[in-house]
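Chain by chain, the residues:
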Amino acid sequence: MRALVVTAVPAERDAVTRAFGDVSGASVFCVPGAEIHRAGPFDVLAGGAGPAAAAASAAFGLASDRYGLVISAGIGGGFAGVAPVGSLVVADRIGAADLGAETATGFVPVTELGFGRAWHFPPRSLVREVAAATGAVTGAVLTVSTVTGSADRAAALLAAHPRAAAEAMEGFGVAEAAERVGLPVLEIRAVSNAVGPRDRDAWRIGDALAALTEAFGKLVPVLEGWTHHDRHES
């Protein structure tokens, strides 16, 4: 089974392809706005930051070939006590945490406004198997358009989403594109920083990218063993 992997930036793309050897050896072909790098069973593209860019790039990528799975991958912020810096998170749900409206009484999610959806759910069996193979924790990964930069915002997100393990900026967009063509989605995040006050000196981007490479090196047997029935699990 071939999977389309969507990252935000080339450094994340190359971290995925590095699991299969020198990145310069990957075959490359173009779709509008991006290059797809083929490595092992994965076609990997760096689609840009944020849910809109991710959704558009994923859609163009999905139109280029036949895939059995779509994966949103990259680094992200981990919530303290759940996903420490250097750990991996596999999403058991992918949520649009700031898609909705602010009101006098607080935030109202888009679903309560009568539009769209706020969550996508990866196949449960795949989440379990990938987490077991990679040593990842599982939990909700929140998609945000503005990354968290304060303790108050981190606390508000956890109050609204007690099962949150990580935040990033692309997963929900990738999931929307996958859902449109009837494909399952997975999100894998390597934690480079804690969700909360921005402290660039504490970020561990290199370590997170190395963890992402290691994780993708362990995914192939999992995907090979994932059955047709499991692929249609809700």
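Below: a short report on this structure. (Residues numbered from 1 in each chain as written. Predicted model: local features only at pLDDT ≥ 70, side-chain atom pairs only at ≥ 80, totals over all residues. Heavy atoms only, no water.)

### Considering the layout of surface pockets
A volume near 540 Å³ is recorded for the largest pocket. What lines the largest pocket is a set of 28 residues, and nearest its centre among them are Ile-75, Gly-76, Val-147, Ser-192 and Asn-193. Only α1 (10–17), β5 (69–78), β11 (164–168), β12 (185–194) and α6 (205–217) provide two or more residues apiece to the lining of the largest pocket. Element by element, the count of residues in the lining of the largest pocket is highest for β12, at 4 residues. A per-class count over the lining of the largest pocket returns 16 nonpolar, 6 polar and 6 charged. (1 Å grid on protein atoms, 1.4 Å probe; cavity = no way out; pocket = protein on both sides within 12 Å on 5 of 7 lines; lining within 4 Å. Points joined across faces, edges and corners; volume = space filled by probe spheres on them. Helix = DSSP H or I, 4+ residues; strand = E, 2+ residues; numbered from the N terminus. Nonpolar A, V, L, I, M, F, W, Y, C, P; charged D, E, K, R; others polar.)

### Brief notes about α6
Here α6 contains 13 residues, and its C-alpha end-to-end distance of 19 Å stays within 8% of the 18 Å for a straight helix at 1.5 Å per residue. Buried within α6 we find Ala-208, Leu-209, Ala-211, Leu-212, Thr-213, Ala-215 and Phe-216. (Expected span 1.5 Å × (residues − 1). Buried < 20%, exposed > 50% of the residue type's maximum accessible area, 1.4 Å probe, protein only.)

### Looking at the packing of α1 against α6
In the contact formed by α1 and α6, the axes pass within 7 Å of each other and the chain directions differ by 40 degrees. Helix-helix and strand crossings are classified by hand; for α1 and α6 the assignment is right-handed. Mapping the contact onto sequence places Ala-11, Glu-12, Ala-15 and Val-16 in α1 and Leu-209, Leu-212, Thr-213 and Phe-216 in α6. Across the contact of α1 with α6, the residue classes break down as 6 nonpolar, 1 polar and 1 charged. (Axes fitted to C-alpha atoms, helices over the stretch in contact; angles between N-to-C directions. Left-handed = near helix turned anticlockwise from the far one by under 90°. Contact = heavy atoms within 4.5 Å.)

### Describing the packing of aromatic side chains
Applying the stated criterion across every chain, the model contains 2 aromatic pairs. Ring centres of Phe-42 and Phe-216 lie 5.2 Å apart, and the angle between their planes is 80 degrees; on these two criteria the pair is classed as edge-to-face. On the criterion of sequence distance, the pair formed by Phe-42 in strand β4 (residues 42–46) and Phe-216 in helix α6 is long-range, its members being 174 residues apart. Overall, the relative accessible area of 0% leaves Phe-42 in the buried class. (Phe/Tyr/Trp six-rings, centres within 6.5 Å; stacked < 30°, edge-to-face > 60°.)

### A closer look at the pairing of β4
Counting buried positions over the 5 residues of β4 gives 5, a clear majority of the element. Where burial is concerned, the two faces of β4 agree: the one with Phe-42, Val-44 and Ala-46 and the one with Asp-43 and Leu-45 are both buried. When strand β1 (residues 3–7) meets β4, the two strands line up parallel, connected through 5 bridges. Note on β4: the bridge partner recorded for Leu-4 is Asp-43. Sheet analysis places strand β3 (residues 34–39) next to β4, joined by 4 bridges and oriented antiparallel. Paired with Ile-36 across the two strands is Leu-45, which belongs to β4. In this structure, the hairpin formed by β3 and β4 is closed by a connection of 2 residues, where Gly-40 is found at a positive phi of approximately 60 degrees. (Pairing = 2+ DSSP bridges.)

### What to know about the nonpolar core
Ranked by internal contacts, the top residues of the largest apolar core, which has 31 residues, are Phe-42, Ile-71, Ile-188 and Phe-216. No other element matches α6, which puts 6 residues into this core. In this structure Phe-42 touches Arg-2, Ala-3, Val-5, Phe-20, His-37, Ile-71, Phe-216, Leu-219, Val-220 and Leu-223, once residues within four positions along its chain are discounted. If you look at the next biggest cluster of nonpolar residues, it comprises 26 residues, including Leu-4, Val-6, Ala-83 and Ala-96. (Core = buried A, V, L, I, M, F, W, Y, C linked by side-chain atoms within 4.5 Å.)

### With respect to the pattern of salt bridges
Counting across every chain of the model gives 12 salt bridges. Here Arg-117 makes a salt bridge to Glu-179, at a shortest N to O gap of 3.9 Å. Pair noted here: Arg-117 is in the loop between β8 (106–109) and β9 (119–120) and Glu-179 is in helix α5 (residues 171–180), with a separation of 62 residues, a long-range link. The exposure class assigned to Arg-117 is partly exposed, which follows from its relative accessible area of 33%. Overall, Glu-179 belongs to the partly exposed group, its relative accessible area being 36%. Through salt bridges with shared partners, one network takes in Arg-2, Arg-38, Asp-43 and Asp-65. (Salt bridge = Lys/Arg side-chain N within 4 Å of Asp/Glu carboxyl O.)

### Some remarks on the pairing of β8
Strand direction decides the pairing type here: strand β7 (residues 100–103) and β8, joined by 4 bridges, are antiparallel. By the bridge assignment for β8, Gly-100 is matched with Pro-109. Between β7 and the antiparallel strand that follows it, β8, lie 2 residues.

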